Amino acid sequence: MSNADFTFPGGGLSVGEVARRSGVAVSTLHFYEAKGLIRSLRTEGNQRRYPRGVLRRVAVIKVAQRTGIPLATIQAALARLPDGRAPTAEDWAELSRVWRAELDERIRKLGQLRDQLDDCIGCGCLSLKACPLRNPLDVLGAEGAGPRLLEPDVD
């Protein structure tokens, strides 16, 4: 999109203003822009200018990151918003519904991992064949001798 395709009322916010108002470092804003999470226009002097709605987008990004949502997932969600606009309350409701399900699944898996840690105390990973975390049900034994990388998905 070229600068002629859209403008910001009042000329938009400088990167320093966005950083100050959002509590996010300038370098982080540049990173978000490089990843397609936010966008800016360039002035004739080649300075970045952001729409005011970028503050809400940055807030959504930070909340999502804090809950462990990957940036690629955040970017894909924000890319579905028309014309790169700030998320509305309705948008946030939909985003949070999807992300809540992902977070619930992560919590379930972490609880499962926590509960399995008790079996590890005293083992010291000396019994890989019986390890419920690295080799549940000895599934690695069927793959032959030697080391294996396994991310178990045991219910």
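Rules behind the numbers
- The residue numbering used here restarts from 1 in each chain and proceeds along that chain's sequence as written.
- Selection of residues for local features in this predicted model requires a pLDDT of at least 70, selection of side-chain atom pairs for listing and counting requires 80 or more, and totals for whole chains, interfaces and linings are taken over all residues.
- The basis for every side-chain value is the complete set of non-hydrogen atoms in the structure, without hydrogens or water.
- Secondary structure counts use DSSP, requiring at least four H or I residues in a row for a helix and at least two E residues in a row for a strand, with both numbered from the N terminus.
- We call a residue buried when its accessible area falls under 20% of the maximum for its residue type, exposed when it is over 50%, and partly exposed in between, using a 1.4 Å probe and counting protein chains only.
- Remark: nonpolar core denotes a set of buried residues (Ala, Val, Leu, Ile, Met, Phe, Trp, Tyr, Cys) joined through side-chain atoms within 4.5 Å.
- Any two residues whose heavy atoms approach within 4.5 Å are treated as being in contact.
- We define a salt bridge as a contact between a side-chain nitrogen of Lys or Arg and a carboxyl oxygen of Asp or Glu at a distance within 4 Å.
- Taken from the helix axis, the directions to the C-beta atoms give the arc we talk about.
- Each patch is built from salt-bridge-free residues with over 30% relative accessible area, joining like charges within 9 Å and nonpolar side chains (Val, Leu, Ile, Met, Phe, Trp, Tyr) within 5 Å.
- Exposure was quantified through the Shrake-Rupley algorithm and a 1.4 Å probe, taking into account, for residues, occlusion by the shown protein chains and nothing else.
- To define axes, lines are fitted to C-alpha atoms, for helices over the stretch in contact only, and angles between the resulting N-to-C directions are given on a 0 to 180 degree scale.
- Note on convention: the crossing is left-handed when the near helix lies turned anticlockwise from the far helix by less than a right angle, right-handed when the turn is clockwise.
- The nonpolar class holds Ala, Val, Leu, Ile, Met, Phe, Trp, Tyr, Cys and Pro. Asp, Glu, Lys and Arg form the charged class, and all remaining residues, Gly among them, are polar.
- Per residue, pLDDT captures the predictor's confidence, and it can take any value from 0 to 100.
- The aromatic pairing rule takes the rings of Phe, Tyr and Trp, using the six-membered ring of Trp, and pairs them if the centres are within 6.5 Å, calling planes under 30 degrees apart stacked, those over 60 edge-to-face and the rest tilted.

### Focus: the environment of E17
And then number 1: Mapped onto the elements of the fold, E17 is located in helix α1 (residues 15-22).
And then number 2: Note on E17: relative accessible area 32%, which makes it partly exposed.
And then number 3: In sequence terms E17 and Y50 are 33 residues apart; their C-alpha atoms lie 9.3 Å from each other.

### Topic: the nonpolar core
And then number 1: In this structure, L29, I38, I74 and W99 are the most contacted members of the largest nonpolar core, which totals 23 residues.
And then number 2: Listing elements by their share of this core, those giving two or more residues are α1, α2 (26-34), α3 (54-66), α4 (71-79) and α5 (89-117).
And then number 3: Top contributing element to this core by residue count: α3, with six residues.
And then number 4: Ignoring any residue separated from it by four or fewer positions in sequence, one finds I74 in contact with L37, I61, A64, Q65, I69 and W99.

### Observations concerning the pattern of salt bridges
And then number 1: Overall, the coordinates contain three salt bridges when judged by the stated rule.
And then number 2: R48 serves as the salt-bridge partner of E33, at 2.9 Å between the closest nitrogen and oxygen. Taken as a pair, E33 in helix α2 and R48 in strand β2 (residues 48-49) lie far apart in primary sequence, 15 residues in all.
And then number 3: Residue E33 is classed as buried on the basis of its relative accessible area, which comes to 18%.
And then number 4: Between E105 and R108 there is a salt bridge; the shortest N-O distance is 2.7 Å. Here E105 and its partner R108 are both found in helix α5, three residues apart, which amounts to about one turn of the helix.

### Section: α2
And then number 1: Of all the positions in α2, only L29, Y32 and E33 are classed as buried. Each buried residue of α2 sits inside an arc of 100 degrees when the element is viewed along its axis, so together they form one side. Turned more than 90 degrees away from the buried face of α2, the exposed residues are S27 and A34.
And then number 2: At the C-terminal side of α2, G36 shows a positive phi close to 80 degrees.

### Looking at a nonpolar patch on the surface
And then number 1: A contiguous nonpolar patch, built from L110, L113 and L117 and spanning about 260 Å² of accessible area, is present on the exposed surface.
And then number 2: When you line up the elements, L110 lands in helix α5.

### Concerning the packing of α3 against α4
And then number 1: At a closest axis distance of 10 Å, the pairing of α3 and α4 adopts a crossing angle of 145 degrees. As α3 packs across α4, the resulting crossing turns out to be right-handed. In this structure, α3 uses R57, V60, I61, A64 and Q65 to contact α4, whose residues at the interface are L71, I74 and L78.
And then number 2: The residue inventory of the contact of α3 with α4, partitioned by class, reads six nonpolar, one polar and one charged.

### Comments concerning the confidence of the model for the protein chain
And then number 1: Averaged over every residue, the pLDDT of the protein chain is 79; residues scoring 70 or more account for 68%.
And then number 2: Looking at the elements of the protein chain, mean pLDDT is at its lowest for α5, recorded as 87, and at its highest for α1, recorded as 96.
And then number 3: Ignoring residues within four places in sequence, the model shows residues 1-6, a span with pLDDT below 50, making seven contacts including any to other chains.

### Let's talk about the packing of aromatic side chains
And then number 1: One pass over the structure, following the stated rule, counts two aromatic pairs.
And then number 2: Note on F31 and Y32: the rings are 6.5 Å apart at their centroids and 50 degrees apart in plane angle, and the pair reads as tilted.
And then number 3: According to the relative accessible area criterion, Y32 is buried, its value standing at 2%.
And then number 4: An angle of 75 degrees between the planes, with centres 6.1 Å apart, marks the rings of W92 and W99 as edge-to-face.

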